[in-house]
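# Structural characterization, general
Here are the chains, one letter per residue:
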Amino acid sequence: MFSMKFSVFLLVMAGALSYASRTSKYTIGDKVEDFALRNVDGRMVSLSSYSAAEGVIIVFTSLHCPYAEMYEDRIIQLHKKYAPKGYPVMAINPTNPLLFPENSYEHMRARAKAKRYPFAYLQDSTQVVCTRFGASRTPHVFLLDRARIIRYIGSIDDNPENPRAVKKRYLEDAIAALLRGERPNPEITQSIGCPIRIPKQKPSADTAASRR
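Everything in this summary refers to the structure shown in the same document. This one's a predicted model, so the numbers in the text were calculated from it and none came from an experiment.

### Things to note about empty space enclosed by the protein
Rolled over the atoms, a probe as big as a water molecule pinpoints where empty space is left. In this structure the tally under the stated criterion is one cavity of 30 Å³ or more. Lining the largest cavity we find H64, T95, N96, L99, F100, T138, C194, P195, I196 and R197. Its residues assigned to classes, the lining of the largest cavity shows five nonpolar, four polar and one charged.

### Quick notes on the pairing of strand β8 (residues 150–154)
The element β8 is extensively covered by neighbouring structure, given that four of its five residues are classed as buried. Examined bridge by bridge, strand β7 (residues 140–144) and β8 share four bridges and lie antiparallel to one another. Within β8, the residue paired with V141 across the bridge is G154. Linking two consecutive strands that pair antiparallel, namely β7 and β8, is a turn of five residues; a positive phi of about 65 degrees is found at R148 within it.

### A look at the packing of helix α2 (residues 66–82) against helix α5 (residues 170–179)
Running from N to C, α2 and α5 point in directions that differ by 15 degrees, and their axes come no closer than 12 Å. What the angle tells us is that α2 and α5 run roughly parallel. Here α2 runs over α5; the crossing is right-handed. Judged by residue contacts, L78, K81 and Y82 of α2 engage L171, E172 and I175 from α5.

### Looking at the environment of T61
Looking at the secondary structure, you find T61 in the loop between β3 (56–60) and α2. Residue T61 is classed as buried on the basis of its relative accessible area, which comes to 9%. For T61 and C194, which are 133 residues apart along the polypeptide, the C-alpha to C-alpha distance reads 9.3 Å. Each residue touching T61, except ones within four places of it in the same chain, is listed here: A68, I75, A91, I92, N93, P94, Y121 and T138.

### Describing the layout of surface pockets
Here the second largest pocket defines a volume of roughly 190 Å³. In terms of lining, the second largest pocket is formed by 15 residues, of which the most central are S62, L63, A68, E72 and Y117. Examining the composition of the lining of the second largest pocket, we find that five residues originate from one element, α2, more than from any other. A breakdown of the residues in the lining of the second largest pocket according to their chemical character gives nine nonpolar, three polar and three charged.

So, how was this worked out
- Every chain is numbered on its own, with residues counted from 1 as its sequence reads.
- Only residues with pLDDT of at least 70 get local features here, since the model is predicted, and only at 80 or more are side-chain atom pairs given and counted; chain-wide, interface and lining totals rely on the full set of residues.
- Values reported for side chains reflect all heavy atoms of the structure, with hydrogen atoms and water molecules removed beforehand.
- Only protein atoms enter the 1 Å grid used here. Points where a 1.4 Å probe fits but cannot escape make up a cavity, open sets with protein on both sides within 12 Å along at least five of seven lines make up a pocket, and a residue lines them when an atom lies within 4 Å of a point.
- Grid points are joined across faces, edges and corners, and a volume is the space filled by probe spheres set on the points.
- For this scheme, ten residues count as nonpolar: Ala, Val, Leu, Ile, Met, Phe, Trp, Tyr, Cys and Pro. Four count as charged, namely Asp, Glu, Lys and Arg, and the remainder, Gly too, count as polar.
- Exposure categories follow from relative accessible area, calculated using a 1.4 Å probe and restricted to protein chains: below 20% of the type maximum is buried, above 50% is exposed, and the middle band is partly exposed.
- For the purposes of this entry, the term helix denotes a DSSP run of H or I that reaches at least four residues, the term strand denotes a run of E that reaches at least two, and both are numbered from the N terminus.
- Being paired, for any two strands, means DSSP has found at least two bridges between them.
- Here an axis means a line fitted to C-alpha atoms, over the contact stretch when the element is a helix, while the angle between two N-to-C directions is reported on a 0 to 180 degree scale.
- An angle below 35 degrees is read as roughly parallel, one above 145 as roughly antiparallel, one from 65 to 115 as roughly perpendicular, and any other as oblique.
- Should the near helix be turned counterclockwise from the far one by less than a right angle, the crossing is left-handed, whereas a clockwise turn marks it as right-handed.
- For this analysis, residues touch if any pair of their heavy atoms sits within 4.5 Å.

Written out as structure tokens, the structure reads:
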């Protein structure tokens, strides 16, 4: 009887640990699970869509945040510079448009067209993906390697206000380290931007549709 109870206990604990491993926030060294979100062109884009890439630069960004706006042109230039080297940008808007209507899918499409985004710009209005990543601000960067393991988390650089005054290019240094076959140093920096607010109420049918 004791052995049966102990076996049941082990099964319950294994299930709990497995669930925790799937729901806990990512950190350095974690492998990112595949996910899919709606792009501004109407297509669903998944992480596996980048299977041929050496790595992926995932940037959580938004349309209402002044910090995200300050980094917008730099994000575009990062894609143009590093996509040919195998590190494309995958931009994700994690803002619930119920809280900030300027982040609606229509506004995302208009902004991407106006700025001629060369990268995918995906809507995560249900905030499932940003919660899994543990993204807390916009912009917030997660650099993945060939195996889709997270190698760097944090800021793009050390000066949001003035790109000409940047002294530390954290993301570019991390990419350079991966290209050399080395670990980035630092691996984590403080993200600077607007907090990602997650409302307690359930998303509307319109926002839930972005998951399909």
